[in-house]
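A look at the structure
If you want the building blocks of each chain, they are given just below.
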Amino acid sequence: MGAVAGRPERVARRLRDGMAGGVLSFPLTSFRADGSLDVDGFRAYVAGRLAAAPGALFPACGTGEFFSLDEEEYRQVVTVAVEEAGGRVPVVAGIGYGWAQAVRFARVAEEAGADALLVLPHYLVAAPQDGLVAQVEAIASRTGLPLVVYQRGQVAYTAGSLARIARIPGVIGLKDGHSDLDRLQRLTLAAPDGFLFFNGAATAEIQARAYATVGVPAYSSAVHAFAPEIADAFFAALQDGDRGTVDKLLRDFYVPFVELRDRVPGYAVSLVKAAARLRGLPVGPVRAPLTDPSAADLAELGTLLDAGLGLVGASR
């Protein structure tokens, strides 16, 4: 099938423009107390994220618990995101597992009106570089949507592999979650002009300045999922070269948040979701195998959230 002629360039241009103007938003997926999908809650939640003017919207990715969604739930999540975005920002839906399963989700995302796809790391097994490239080739040849590949966990491209992947029709960019700046610099040098890169480290703001030094200033923001006031203030300060504000937000909010996040596996999602609930957002609990934060960690999170909002003149 392959990407539709001209679409990758158009989507890449829109994403590039969006990255220059705001953080990339990875919305949480709303569940009810019984674990079922809360479509109405998700619609209201996404509308709130879009009101904060992100550079693009990435539904049903890691923060959105893609791994816990069945195909029909995935269809509803992507459809709502597309409807609420209304063409204002690009919508990039997550796909993953092996290439055959990824293609099934890709078809659903295309039918739902997504602009592009984020290829999440494949399931479980380690693989050689030729296999990593073949995985992307298999997906790209079977979808009409442009692809952004995501290196994290067991997926780590060499410069040679990235050069091959960038030549695959429809592949427009890479999200990096390894934070290996030596490797990342080699990848940016191996890529063709116009290929997109963005920082996808957990709590990416911590490393945003470091990524910018190797030519990757754009980043995703988990904090935008629950406190766009903080995320936007940090982005603006970074853009303006306001080191004092950047340092203060890092020291008094982001670093303590990361220290809390790192206490328990899975807190990179469940802590974000808990913070959203503390603000009254209709996101509900996480699904297993993730667990919601303990009462003690939740209390500490609330104190930290209030402090962070206070730094930017906002409140719960």
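Quick caveat: nothing in here was measured; it's all calculated off a predicted structure. (Residues numbered from 1 in each chain as written. Predicted model: local features only at pLDDT ≥ 70, side-chain atom pairs only at ≥ 80, totals over all residues. Heavy atoms only, no water.)

**A closer look at the packing of helix H6 (residues 159-166) against helix H7 (residues 181-190)**
Running from N to C, H6 and H7 point in directions that differ by 40°, and their axes come no closer than 8 Å. By the angle between their axes, H6 is oblique relative to H7. At the point where H6 passes H7, the crossing takes the right-handed sense. Taken together, the residues of H7 that come into contact with H6 (itself represented by Ala159, Leu162 and Ala163) are Arg186, Leu187 and Ala190. Taken together, the residues of the contact of H6 with H7 break down into 5 nonpolar, no polar and 1 charged. (Axes fitted to C-alpha atoms, helices over the stretch in contact; angles between N-to-C directions. Helix = DSSP H or I, 4+ residues; strand = E, 2+ residues; numbered from the N terminus. Parallel < 35°, antiparallel > 145°, perpendicular 65-115°, else oblique. Left-handed = near helix turned anticlockwise from the far one by under 90°. Contact = heavy atoms within 4.5 Å. Nonpolar A, V, L, I, M, F, W, Y, C, P; charged D, E, K, R; others polar.)

**Focus: the pairing of strand E5 (residues 147-151)**
Regular strands show a simple pattern: their side chains alternate between the two faces of the sheet. Of all the 5 residues making up E5, 5 are buried; the element is thus mostly covered by neighbouring parts of the structure. Of the two faces of E5, the one holding Leu147, Val149 and Gln151 and the one holding Val148 and Tyr150 are both buried throughout. Two strands pair when backbone bridges link them, and strand E4 (residues 116-119) and E5 are joined in this way by 3 bridges, in the parallel orientation. Paired with Val119 across the strands is Val149, a residue of E5. With respect to chirality, the unit in which E4 leads through helix H5 (residues 129-140) into the neighbouring parallel E5 is right-handed. (Buried < 20%, exposed > 50% of the residue type's maximum accessible area, 1.4 Å probe, protein only. Pairing = 2+ DSSP bridges. Right-handed = clockwise from strand over helix to strand, strands pointing away.)

**As for the pairing of E4**
Of the two faces of E4, the one carrying Ala116 and Leu118 and the one carrying Leu117 and Val119 are both buried. Of the strand pairs in this sheet, strand E3 (residues 92-95) and E4 are connected by 4 bridges, and their pairing is parallel. By the bridge assignment, Val92 is partnered in E4 with Ala116.

**So, the sheet that holds strand E1 (residues 24-25)**
Adjacent strands of a sheet form backbone hydrogen bonds with each other and so pair up, either parallel or antiparallel. On the basis of which strands lie adjacent, the open sheet formed by 3 strands has the order E2-E1-E8 and parallel pairing. Whereas interior strands pair on both sides, the edge strands pair on one side only; in this sheet they are strand E2 (56-57) and strand E8 (220-221). Relative to E8, E1 runs parallel, the two sharing 2 bridges. If you follow Leu24 over to E8, its bridge partner there is Ser220.

**Brief notes about unusual backbone geometry**
For the peptide bond that leads from Ala288 to Pro289, omega is 15°, which places it in the cis range. Note that Pro289 resides in the loop between helix H11 (267-278) and helix H12 (295-311). With a phi close to 55°, Ala60 is a non-glycine residue in the positive phi region. Tracing the backbone through its elements, the reader meets Ala60 in the loop between E2 and helix H3 (71-85).

**A short note on the sheet that holds E3**
On the basis of which strands lie adjacent, the open sheet formed by 5 strands has the order E3-E4-E5-E6-E7 and parallel pairing. Where the open sheet ends on each side, the last strands, each with one partner, are E3 and strand E7 (196-199). Strand-to-strand twist across the sheet, computed as the mean angle between neighbouring axes with direction ignored, equals 25°. Alignment of E5 against strand E6 (residues 171-176), held across 5 bridges, turns out to be parallel. Bridge assignment links Tyr150 to a residue of E6, and that residue is Lys175. Docked against the sheet, helix H4 (residues 99-112) engages E3 and E4, running at close to 155° with respect to E3. Running over the sheet, H5 touches E3, E4, E5 and E6 and is turned about 155° from E5.

**Remarks on the environment of Leu304**
Examined against the element boundaries, Leu304 turns out to sit in helix H12. Separated by 52 residues in the primary sequence, Leu304 and Asp252 place their C-alpha atoms 8.5 Å from one another. In this structure Leu304 touches Asp252, Phe253, Pro256 and Phe257, once residues within four positions along its chain are discounted.

**Things to note about the environment of Ala218**
Locating Ala218 in the fold gives a position in the loop between helix H8 (208-213) and E8. Put simply, Ala218 and Pro256 are 38 residues apart on the chain and 23 Å apart in space, counted from C-alpha to C-alpha. Setting aside its immediate chain neighbours within four residues, Ala218 contacts Met19, Phe197, Phe198 and Asn199.

**As for H7**
Taken together, the buried positions of H7 are occupied by Leu184, Leu187 and Thr188. For H7, the buried positions fall inside an angular range of 95° around the axis, keeping them on one side. Along H7, exposed side chains directed more than 90 degrees from the buried face belong to Arg186 and Leu189. On the buried face of H7, the contacting elements are E5, H6, E6, E7 and H8. (Arc of directions from axis to C-beta.)

Taken by themselves, the reported measurements are silent on function.
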